[in-house]
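Letter by letter, the chains look like this.
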Amino acid sequence: MGTSGRVVLGRAIKGQWRDVAFGSALGMTHQAGEALVPVLIGVVVDQAIARGDLGALLRWLAVLAVVYLALSFGFRFGARAGERAAERAAHALRVALVGRVLDPGGGAEDGRPPGALTSIATEDARRAGAVAMALMFAVSALAGLLVGAVALLRTSVPLGLTVLAGTPLLLWLGHLLSKPLERRSEAEQERAAHASGVAADLVAGLRVLKGIGAEAAAVARYRRTSRDSLAATLRATRAEALQNGVVLALTGIFIAVVALVGGRLTAQGDISLGQLVSAVGLALFLLGPLETFSWVNAEFARGRASAARVAEVLAAPPAVAPGGRPPAVPVRGAVRLRGVAFGGLRDLDLDIAAGETLGVAATDPADAAALLDCLGRRSDPDAGTVELDGVPLRDLSPAGLRTAILVAAHDADLFAGTLRANLTAALHAGPLDDGGAPGTRNDGLAPEGDGSTLQDEPRPPEHDTPAMVAAAADEVARALPDGLDSLISEHGRSLSGGQRQRVALARALAADRPVLVLHDPTTAVDAVTEARIAAGIRDLRRGRTTILVTTSPALLAVADRVVLLDAGRVTGPSSHTDLLRDDITYRTAVLA
């Protein structure tokens with residue numbers, strides 16, 4: 001996609017040009033038929049009624065019936081084509097937005113809460129797509145105006161010239177009046193997106209808010225945000241009402257002028273009674289196209305504002321530069337950090353051998369988060385390099401890197417769906433195993449379909465697959481009424497904190513990446529379960545590089561080596577037991 005709202009709109013319409021062109025052609029047929037109706041009525045008056053000719057009356061009535069039939073079908077199928085174009089254009093924008101948000105390079109979500117992104121991908125995409133429908137109606141209305149003007153010119157040159165002179169002026173005034181609406185519509189969408197983001201945050205933290213008794217503060221915060229959104233909506237509505245009112249008043253004045261000119265011409269004998277009927281009918285007909293142009297201007301204003309917001313997301317720079325090299329095949333899993341400076345990290349040096357399980361105990365959670373960002377390449381370090389098998393991560397494509405290194409965050413979300421669907425969500429990515437063949441795993445779980453949705457596994461795995469047993473998630477499955485087929489609510493809220501952690505850990509282990517980084521995966525489980533999980537991780541990940549970023553004594557005890565991350569630098573490495581005995585800082589961090 002492009003980098004501006006104008007380009008986004010242009011490409012959205014261009015992508016649906018067939019439906020837009022087809023709908024416009026049928027819409028022009030409808031509008032031309034509508035314009036011909038008063039002309040034909042005038043002919044009936046002059047050719048049949050004034051002469052008392054019954055045969056002519058029946059013939060012209062038959063012609064009118066055919067015209068009505070044509071304009072009816074033109075509107076029906078033209079509107080259908082326009083609606084299809086609008087929906088497909090909005091769908092294409094939503095797909096592009098989701099693709100940008102999910103791009104391995106990241107960056108689209110920076111500075112935008114999830115609720116704001118949801119608003120852009122739904123309401124803004126819908127408004128931008130609706131421009132395709134508005135364009136179709138604009139072309140149709142223009143055709144109606146032209147046919148009406150030609151008919152008036154054939155009836156009377158002064159009448160036709162009046163219409164041809166007044167119509168462009170009305171359109172120009174309508175465009176000027178749409179500018180305030182465009183600005184206020186953009187502000188309205190921004191405030192609505194912010195309100196959606198606040199609401200999503202409050203719902204996600206509802207348990208915590210209730211636990212600390214902060215419901216009143218949360219309600220007050222949302223009330224303020226909602227009032228700001230309401231005020232922005234009212235300002236946009238007032239701007240739209242002003243535009244519609246002024247345009248309608250100007251249109252009424254214009255039609256009155258046309259009727260006045262036609263009446264004077266009839267009184268002077270320049271046109272017949274039937275021609276006067278046609279002229280008045282055409283003047284009334286012109287209200288429709290002119291009102292359509294008023295609506296089109298409003299739709300264009302809203303569409304441009306929404307397209308600009310869509311363009312901001314699509315044009316957001318990636319968080320990391322896209323490297324061009326895929327990971328080596330096979331991935332051995334040797335990780336090295338040299339002189340890394342990022343966040344609180346200072347000149348960090350660390351070597352992790354292929355197949356090693358390394359424990360990292362951080363005295364500052366911010367330092368642990370910075371290390372995770374560098375290892376998962378969510379951000380590139382300000383200085384120094386992070387390497388995988390001797391290749392700097394900067395040189396690797398983010399998508400390829402995800403098949404080699406998985407960073408399982410402490411607050412990993414679960415998806416709405418079955419327990420089985422959550423466990424197999426990452427399997428379609430196809431990690432590169434030691435034999436170099438994508439898709440070969442030792443977890444006992446098979447990927448689902450094409451991985452595009454969280455659907456049920458056609459061959460249900462048993463509760464005791466290696467990944468589930470290692471994460472103690474087999475107990476979770478047995479505790480649920482339908483086992484692996486039990487439904488999980490959004491974000492896993494139907495599970496306890498410990499159950500969510502175990503399912504998320506089983507999902508990470510099932511992905512079976514050559515390098516797995518786990519961040520505090522057992523903070524919500526009891527000591528007995530934690531000891532079981534520690535042993536399970538050690539056994540399942542034996543021979544594959546595993547980095548445990550945690551202060552859990554049980555997890556650190558199963559690591560081959562342990563380092564202490566303090567003040568942005570590492571000390572050690574040594575064993576967990578030796579560091580507990582010899583390093584007071586380590587002892588305080590782990591046992592406090």
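Now for a quick tour of the structure.

Thoughts on the side chain of Thr529
Part 1: By the element assignment, Thr529 lies in helix α15 (residues 527-540).
Part 2: A relative accessible area of 11% places Thr529 in the buried class.
Part 3: The contacts of Thr529, once residues within four sequence positions are left out, are Ala472 and Arg502.

So, the sheet that holds strand β1 (residues 335-342)
Part 1: Within the open sheet, the four strands sit side by side as β2-β1-β4-β5. Their pairing is antiparallel. Strands at the two margins of the open sheet, each flanked by one partner only, are β2 (345-352) and β5 (391-392).
Part 2: In the sheet, β1 pairs with strand β4 (residues 383-388) via five bridges, with the strands oriented antiparallel. In the sheet register, Leu337 faces β4, and the bridge partner there is Val386.
Part 3: Helix α9 (residues 365-375) rests against β1, β2 and β4 of the sheet, and its axis sits at about 125° to β1.

Things to note about the packing of helix α2 (residues 17-49) against helix α3 (residues 54-101)
Part 1: Across the interface, α2 lies against α3 with an axial gap of 7 Å and an inter-helix angle of 160°. Put simply, α2 runs roughly antiparallel to α3. In the crossing of α2 with α3, the sense of the turn from one axis to the other is left-handed.
Part 2: Tallied by class, the residues present in the contact of α2 with α3 amount to 22 nonpolar, eight polar and four charged.

Comments concerning helix α1 (residues 5-14)
Part 1: Listed as buried for α1 are Gly5, Val8, Leu9, Ala12 and Ile13. Considered in projection along α1, the buried side chains sweep an arc of 125° and stay on one side of the axis. In α1, the exposed positions that point more than 90 degrees away from the buried face belong to Arg6 and Lys14.

What to know about the sheet that holds strand β10 (residues 545-549)
Two orientations exist for strands paired in a sheet by backbone hydrogen bonds: parallel and antiparallel.
Part 1: Here we have six strands laid out as an open sheet, ordered β6-β9-β10-β3-β11-β12, and mixed in their pairing. Single-partner strands in this sheet number two, and they are β6 (405-408) and β12 (569-574). The mean angle between the axes of side-by-side strands here comes to 15°, regardless of whether they run parallel or antiparallel.
Part 2: In the sheet, strand β3 (residues 357-362) pairs with strand β11 (residues 561-566) via five bridges, with the strands oriented parallel. By the bridge assignment, Gly359 is partnered in β11 with Val562.

Points about the packing of aromatic side chains
Part 1: All chains considered together, the criterion is met by two aromatic pairs.
Part 2: Pairing Phe73 with Phe77 gives two aromatic rings, centres 5.9 Å apart and planes at 10°, and the pair type is stacked. With Phe73 and Phe77 both in helix α3 and four residues apart, this pair spans about one turn of that helix.
Part 3: Given a relative accessible area of 30%, Phe77 falls into the partly exposed group.
Part 4: Relative to Trp295, the ring of Phe137 has its centre 5.6 Å away and its plane inclined at 85°; by these criteria the two rings are edge-to-face. With Phe137 in helix α4 (residues 114-155) and Trp295 in helix α8 (residues 273-314), this residue pair connects regions lying 158 residues apart in the sequence.
Part 5: Residue classification places Trp295 among the partly exposed residues on the basis of a relative accessible area of 35%.

The rules we used
- Residues numbered from 1 in each chain as written.
- Predicted model: local features only at pLDDT ≥ 70, side-chain atom pairs only at ≥ 80, totals over all residues.
- Heavy atoms only, no water.
- Helix = DSSP H or I, 4+ residues; strand = E, 2+ residues; numbered from the N terminus.
- Buried < 20%, exposed > 50% of the residue type's maximum accessible area, 1.4 Å probe, protein only.
- Contact = heavy atoms within 4.5 Å.
- Pairing = 2+ DSSP bridges.
- Axes fitted to C-alpha atoms, helices over the stretch in contact; angles between N-to-C directions.
- Parallel < 35°, antiparallel > 145°, perpendicular 65-115°, else oblique.
- Left-handed = near helix turned anticlockwise from the far one by under 90°.
- Nonpolar A, V, L, I, M, F, W, Y, C, P; charged D, E, K, R; others polar.
- Arc of directions from axis to C-beta.
- Phe/Tyr/Trp six-rings, centres within 6.5 Å; stacked < 30°, edge-to-face > 60°.

Don't take any of this as a statement about function, it's just geometry.
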